[in-house]
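# Architecture at a glance
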Amino acid sequence: MTDLELNWTLSTPALLGVAAAAIAALLVLIIRFRVHAFLALILVSLLTAVATGIGAADIVPTLLLGFGTTLGSVALLVGLGAMLGRMLEVSGGADVLTNALIRRFGEKRAPLALSVASLLFGFPIFFDAGLVVMLPIIFTVARRLGGSLLLYAFPAATAFSVMHIFVPPHPGPVAATGLLGADVGLVLVLGLAIALPTWYIVGYLFGTFLGRRIQIPVPDILDAPQGSAESEFKSSPKLGTILFLLLLPLVLIFLNTGLNMLATAGVVSLEETWVQILRTLGETPVALLITVFMAMWMLGHRQGKPHSLTETVVDSALGPVCSIILITGAGGMFGGVLRASGIGNALAESLDAIGLPVIVAGFVIAAIVRVAQGSATVALTTAAALVQPVVAGNPSYNAVELAAIVLALAAGSVFAGHVNDSGFWLVSRFFGMDTKTTLKTWTVGQALIAVIGFILALAIFLFATSF
């Protein structure tokens with residue numbers, strides 16, 4: 001990951017103790033002493049780097065590496081997504097789509113309608129980008145129908161999460177598929193077979209349970225101030241325009257993720273020029289940038305709005321999300337320090353020596369690495385790399401068993417996302433929840449996704465073994 005020379009001096013138990021103490025200190029600072037999450041994350045990251053033996057000259061570069069890497073992937077997505085969301089909200093487009101959803105599904109099934117849309121969008125779109133684009137729709141539905149935001153937002157967010165975790169062409173399952181030599185098409189089919197029931201149990205049933213017991217008001221982070229210039233942007237666009245703007249990034253991103261999946265299967269070559277061009281257009285930041293410009297034209301200029309007004313609207317979207325971007329970056333900093341300290345690798349290697357069945361050991365390794373250092377992708381690839389010598393090319397495993405092992409590792413990689421996960425802070429701040437509430441809702445939900453996903457993957461594995 002880095003050319004920095006780091007000093008590993010602690011044993012695995014000591015590293016585990018430092019990680020546990022760091023997480024506890026972070027929770028105490030934020031929940032008990034009400035220290036701003038951005039400041040608390042930086043402070044605990046610094047102290048953790050010192051405690052784990054990272055050399056003095058390397059501490060700040062290590063902090064900046066984790067912070068910058070996370071910002072590099074999150075800031076563009078959140079910023080561009082917020083711009084698109086603000087234009088959809090202020091133009092009246094979110095109201096138009098909300099009315100259409102309610103007419104089609106009815107008020108009682110509005111959370112289901114939002115989740116179905118999120119499942120479809122979540123097929124090619126990454127979790128954070130998809131959630132940001134859908135938020136104005138979710139917020140509008142929640143305001144219209146009343147009740148806790150969790151009733152509408154939790155099922156939709158979980159839909160994006162399960163698709164990102166289990167279903168190619170997302171990078172985690174694709175990487176594990178390649179490492180273990182599984183068939184990507186089979187992983188896709190079985191991933192859907194796991195993702196959909198997992199979403200229904202965790203996202204819909206558990207989300208409905210949470211929504212009825214925890215009242216979370218709809219935040220005003222995407223709202224335009226009353227009487228502001230943004231109010232002049234309203235034009236009540238046609239439903240077809242809104243659907244086009246929501247589907248455009250989905251189609252563009254699928255150019256990238258779909259071609260990556262085809263390349264893994266050997267259908268196309270990533271060296272071909274036309275493939276590289278389409279993949280570039282399908283990179284999430286590029287796809288969102290194209291969509292933002294299309295929205296500026298379709299919702300602004302084509303509606304007769306002056307360019308200065310459109311500029312004001314997109315500019316007003318950035319201020320409210322700055323805090324989210326910085327806190328998410330600081331969460332990445334904390335996770336980066338934990339990864340650089342060697343905590344995840346030390347735990348994984350220790351567990352690998354225990355001798356559990358491969359599918360169980362892989363799940364446990366991925367889950368513990370995830371809890372220890374925060375990144376689902378790192379947890380999945382670490383676990384896949386450790387079980388690869390046993391699994392890859394082993395004739396005793398058939399194609400279905402290989403796919404089931406990949407999906408078991410994927411389930412473990414999402415287990416109990418908490419304060420060292422940048423996605424935790426994204427959900428917390430966008431949903432307007434404090435840290436304690438996010439732990440009770442989102443962290444528990446992610447743990448349930450992992451456990452249910454693993455049970456289903458294990459059932460597929462045992463079924464395939466019996467033949």
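Scope of this entry: the structure provided in the associated data block.

About the cut-offs
- Residues numbered from 1 in each chain as written.
- Predicted model: local features only at pLDDT ≥ 70, side-chain atom pairs only at ≥ 80, totals over all residues.
- Heavy atoms only, no water.
- Axes fitted to C-alpha atoms, helices over the stretch in contact; angles between N-to-C directions.
- Helix = DSSP H or I, 4+ residues; strand = E, 2+ residues; numbered from the N terminus.
- Parallel < 35°, antiparallel > 145°, perpendicular 65-115°, else oblique.
- Left-handed = near helix turned anticlockwise from the far one by under 90°.
- Contact = heavy atoms within 4.5 Å.
- Nonpolar A, V, L, I, M, F, W, Y, C, P; charged D, E, K, R; others polar.
- Salt bridge = Lys/Arg side-chain N within 4 Å of Asp/Glu carboxyl O.

To continue, consider the packing of helix H19 (residues 422-430) against helix H20 (residues 435-465). At their nearest, the axes of H19 and H20 sit 10 Å apart, and the two run at 115° to each other. By the angle class used here, H19 and H20 are roughly perpendicular. The handedness of the crossing between H19 and H20 is right-handed. Here Phe-424, Trp-425, Val-427, Ser-428 and Arg-429 of H19 come into contact with H20, specifically with Thr-435, Thr-438, Leu-439, Trp-442 and Thr-443. Residues belonging to the contact of H19 with H20 are distributed by class as follows: five nonpolar, four polar and one charged.

This part takes up the packing of helix H5 (residues 110-121) against helix H6 (residues 127-145). Their axes nearest at 11 Å, the elements H5 and H6 cross at an angle of 175°. On the basis of the axis angle, H5 is roughly antiparallel to H6. Across the interface between the two elements, Ala-110, Leu-114, Ala-117, Ser-118 and Phe-121 from H5 touch Met-134, Ile-137, Ile-138, Val-141 and Leu-145 from H6. A per-class count over the contact of H5 with H6 returns nine nonpolar, one polar and no charged.

The next point concerns the pattern of salt bridges. Taken as a whole and assessed by the stated rule, the structure comprises one salt bridge. A salt bridge links Arg-370 to Asp-421, with the nearest nitrogen and oxygen atoms 3.3 Å apart. Linking Arg-370 in helix H16 (residues 358-373) with Asp-421 in the loop between helix H18 (399-412) and H19, this pair joins segments that are 51 residues apart in sequence.

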